[in-house]
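So the chains spell out like this:
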Amino acid sequence: MTEILRKTEQAYEGDHDRPLGGYAGILGAYGGTVAVAAAVAALAGRRAPDRIGVMDLLLMAACTHKVSRLLAKDPVTSPLRAPFTQYEGQGGPSEVEERPRGAIGELLACPFCVAQWVATGYAAGLVLAPKATRLVGATMTAVAISDWLQLAYAKLMKSAS
């Protein structure tokens, strides 16, 4: 079986270095995390809401955006990524650019990739602890809006001078 998997990985990679085994591990961890969250919800007698309101969706979207960028790009969270990435330089405002090392590095350095995990965690939070989750969502949404206002202000100041 491992020989089949190795050949499949080699055929897929071609001349590129693609860590399929690492990706499979990440997929397994994600599926396992979702299964554990569902089991905890079931044991606690909690059910998913029948519908998601517009305000919850907006909070979830803005919070997911902010937390994903915070985890994947913020200099302060570099120690979390350092074992799996290599610093390459300054990125956008208050962000760093890092080169991933392996599948976990690709996950941690990519805000689009981290977003799935963050949104899933937020959804689980709405089921297990809705008040606390909405408070965290509102807080991170305020930070995201503040970031956007800071960038708009800086652009306005630059155009005024």
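In this text the structure is predicted, and so the values were computed from the model without any measurement.

About the thresholds
- Residues numbered from 1 in each chain as written.
- Predicted model: local features only at pLDDT ≥ 70, side-chain atom pairs only at ≥ 80, totals over all residues.
- Heavy atoms only, no water.
- Helix = DSSP H or I, 4+ residues; strand = E, 2+ residues; numbered from the N terminus.
- Contact = heavy atoms within 4.5 Å.
- Salt bridge = Lys/Arg side-chain N within 4 Å of Asp/Glu carboxyl O.
- Buried < 20%, exposed > 50% of the residue type's maximum accessible area, 1.4 Å probe, protein only.
- Pairing = 2+ DSSP bridges.
- Phe/Tyr/Trp six-rings, centres within 6.5 Å; stacked < 30°, edge-to-face > 60°.
- Core = buried A, V, L, I, M, F, W, Y, C linked by side-chain atoms within 4.5 Å.

S.K.: Please clarify how the side chain of T64 should be interpreted in this entry.
M.R.: By the element assignment, T64 lies in helix 3 (residues 54-73). Those residues within four positions of T64 in sequence are excluded, and the remaining contacts are A115, V118 and A119.

S.K.: I tried to follow the pattern of salt bridges on my own but got confused; where do I start?
M.R.: Oppositely charged side chains are able to pair whenever their charged atoms sit close together. Evaluation of the coordinates by the stated rule reveals nine salt bridges. With a shortest N-O distance of 3.4 Å, K73 and E97 are connected by a salt bridge. Pair noted here: K73 is in helix 3 and E97 is in strand 2 (residues 96-100), with a separation of 24 residues, a long-range link. For E97, a relative accessible area of 34% corresponds to the partly exposed category.

S.K.: Would you explain unusual backbone geometry in this entry?
M.R.: Among all residues except glycine, the phi angle is most often negative; among peptide bonds, the trans geometry is most common. Even without being glycine, S94 reaches a positive phi, approximately 60°. Turning to its location among the elements, S94 is positioned in the loop between strand 1 (85-90) and strand 2.

S.K.: Even after reading the chapter, I still don't get the pairing of strand 1, so can you show me in this structure?
M.R.: Remember that side chains alternate between the two faces of the sheet whenever the strand is regular. Sheet topology places strand 1 next to strand 2; five bridges connect them, and they run antiparallel. Bridge assignment links Y87 to a residue of strand 2, and that residue is E98. Remark: five residues form the turn of the hairpin made by strand 1 and strand 2, two consecutive strands paired antiparallel; S94 in that turn has positive phi of roughly 60°.

S.K.: In this structure, what is going on with the packing of aromatic side chains? I would like to understand it.
M.R.: Centre-to-centre distance and the angle between the planes together describe a pair of aromatic rings. Across all of its chains, the model carries one aromatic pair by this definition. Consider the rings of Y30 and W117, whose centres lie 5.2 Å apart with planes at 75°: the pair is edge-to-face. Linking Y30 in helix 2 (residues 20-43) with W117 in helix 6 (residues 111-128), this pair joins segments that are 87 residues apart in sequence. Residue classification places W117 among the partly exposed positions, given a relative accessible area of 28%.

S.K.: When you look at the nonpolar core in this model, what are you seeing that I'm missing?
M.R.: Within soluble globular proteins, side chains that are nonpolar tend to cluster in buried spots. Judged by nonpolar contacts, L59, M60, C63, V67, A72, V114, V118, Y122, L126 and M140 together constitute the single largest core of 10 residues. The element that contributes the greatest number of residues to this core is helix 3, accounting for five residues. Not counting residues up to four positions away in its chain, the partners in contact with V118 are T64, V67, S68 and L71.

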